[in-house]
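A structural walkthrough
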Amino acid sequence: MKKIALLGSTGSIGKSTMDIVARHPDQFKVTALAAGRNLEILSQQIKLFKPSLVSVHQQEDAQKLRQQFPAMPAEIVYGDEGVVAVACHPDADLVISAIVGAAGLRPTLAALKEGKNVALANKESLVIAGKIMTDEVRRHDKVILPIDSEHNAIFQVLRGNERDALKRILLTASGGPFFKRSLDELRGISVEEALKHPNWDMGAKITIDSATMMNKGLEVIEATWLFGVGADQIDVHIHPQSIVHSMVEFIDGSILAQLGVPDMRCAISYAMAYPQRIESGVESLNLFEVESLNFYKPDLKKFRCLYLAMEAVRVGASMPAVLNAANEIAVAAFLEKKIGFLDIAVVVEEAMLAHPIKDLITLDDVLEVDGWARRQAQDIIQKRGHS
Ligand SMILES: NC(=O)c1ccc[n+]([C@@H]2O[C@H](COP(=O)([O-])OP(=O)(O)OC[C@H]3O[C@@H](n4cnc5c(N)ncnc54)[C@H](OP(=O)(O)O)[C@@H]3O)[C@@H](O)[C@H]2O)c1
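Attention now moves to the sheet that holds strand 8 (residues 166-173). Read across the open sheet, the four strands follow the order 9-8-10-11; overall the sheet is mixed. With one partner strand each, in any of the chains shown, strand 9 (234-238) and strand 11 (255-259) form the two edges of the open sheet. On average, each strand axis in the sheet is tilted by 20° relative to the strand beside it, whichever way the strands run. Where strand 8 and strand 9 come together, five bridges link them in parallel fashion. Its bridge partner lying in strand 9, Leu171 is registered against Val236. In the packing of helix 11 (residues 214-227) onto the sheet, the strands contacted are strand 8 and strand 9, and the crossing angle to strand 8 comes to about 150°.

Written as structure tokens, this is what we have:
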């Protein structure tokens, strides 16, 4: 029985993880849960999975839960320390890191420091603190199990192959809802339009990141840390069908791909059961009914966020952390209808241009740069006449 600590249980990845647990009660037990503010879903999960430790974001929500479940033996904690307690739960064999944004860094790093097995959906933590995290992984002789479908695909096809034989990673991208629109047409995009992803059902932040293609930029940075390759070894291709989840080219000219229907339970179940495979509830792909598989080069003028992410990885050091933090602020402002769709890239670029690069050695260094970039992005948004 694998005991799971799940960070971000009420989100899109969190709920899909719970679905896998429910399908395999003989193999998995949810020991600890961390969520933000969605008490409705969290309460249902507590009733169903009976974890021994639960964390919520705010103290008042912890009190509400205690009142709701007076007879429940679970300990209820809150705040940053609460999530870290869940991530470091002594019984947990596997920590699933599925909080959105930089908020996932502290607990994920704490789990790695404890020598836990970590399955990672929270790509932002690796983007902003890749060196610190991968140093911990090496120190404990572990691997990070990727949940992002592209990285999970690459992880699957690399298995059993020599790392030295890897030539190139071919990272696929759906292109989001707007890959066929012109730059001019992107100007007036509404929040509602941007939230309609053609293939994947995901949380709001990653859905907007997919529409701007910042998500693919973050994934390029994520892949450099996960697979020890340079950004020059990663090619991004828009593949609107989202069937080829990514590919790897080896030095002998062979290209191996992992395919499937777009359903995150495939990648999640692979990471959860690794090194085995289990039934995931994902329907079979009938490849012969798929009319075509198309691949296009992304237009970096149109998808400026992808260009900026490539610049951030080229500069390295603290720049990816600035890119990420400014993007989180800009996406939140777009979702609140304070800025337009194309302003997201403008805010990120201005924050990057204003940033004096520095090395990130400790978690405090990362948090300092993250805080600076957030304030900078807020200022830029205000100065542009939005508050
Ligand atoms: N969704 C996908 O298909 C997908 C695919 C690949 C990678 N990912 C990555 O997986 C991560 C999660 O994505 P998602 O789509 O599942 O996001 P989501 O649906 O927005 O869920 C985010 C989760 O994080 C929790 N959370 C947010 N801030 C928190 C905080 N400060 N403390 C504790 N919990 C907090 C939320 O809690 P409440 O809702 O209770 O407030 C929720 O459980 C992201 O890094 C994303 O890039 C997602």
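Considered domain by domain, the protein is made up of domain 1 (2-147), domain 2 (149-301) and domain 3 (316-387). Each of domain 2 and domain 3 has a C-alpha centre, and the two are 25 Å apart. Between domain 2 and domain 3, a total of about 1300 Å² is buried, with carbon and sulfur atoms accounting for 81% of that surface. There are one salt bridge connecting domain 2 and domain 3. Linking Lys337 and Glu192 is a salt bridge whose minimum nitrogen-to-oxygen distance equals 2.7 Å. Seen at the junction of domain 2 and domain 3, the total is two residue pairs in polar contact (both at pLDDT 80 or more). For the side of domain 2 that touches domain 3, the secondary structure elements donating two or more residues are helix 8 (183-186), helix 9 (191-194), helix 10 (204-212) and helix 11. Element by element, the count of residues in the side of domain 2 that touches domain 3 is highest for helix 10, at six residues. Its residues assigned to classes, the side of domain 2 that touches domain 3 comprises 13 nonpolar, two polar and four charged.

Our next topic: the site of the ligand. Taken together, 24 residues lie near the ligand, and Thr10, Arg37, Asn38, Glu124 and Gly203 sit nearest. A distance of 2.8 Å separates an oxygen atom of the ligand from a polar backbone atom of Arg37. In the model, an oxygen atom of the ligand is placed 2.8 Å from a nitrogen or oxygen of the Asn38 main chain. Alone, the ligand offers 890 Å² of accessible surface; in the complex the protein occludes 85% of this. Every element with two or more residues in the shell around the ligand is listed here: helix 1 (12-23) and helix 6 (123-139). Classifying every residue of the shell around the ligand by side-chain character gives 10 nonpolar, 10 polar and four charged. Counting only domains with at least three residues in the shell around the ligand, you end up with domain 1 (2-147) and domain 2 (149-301).

The rules we used
Residues numbered from 1 in each chain as written. Predicted model: local features only at pLDDT ≥ 70, side-chain atom pairs only at ≥ 80, totals over all residues. Heavy atoms only, no water. Pairing = 2+ DSSP bridges. Helix = DSSP H or I, 4+ residues; strand = E, 2+ residues; numbered from the N terminus. Axes fitted to C-alpha atoms, helices over the stretch in contact; angles between N-to-C directions. Contact = heavy atoms within 4.5 Å. Domains from an automatic or database assignment. Buried area = accessible area lost by both parts, 1.4 Å probe. Salt bridge = Lys/Arg side-chain N within 4 Å of Asp/Glu carboxyl O. Polar contact = N/O pair within 3.5 Å; in protein donor to acceptor, adjacent residues only side chain to side chain. Nonpolar A, V, L, I, M, F, W, Y, C, P; charged D, E, K, R; others polar. Near = heavy atom within 4 Å. Areas by Shrake-Rupley, 256 points an atom, 1.4 Å probe, with all protein chains shown as cover.

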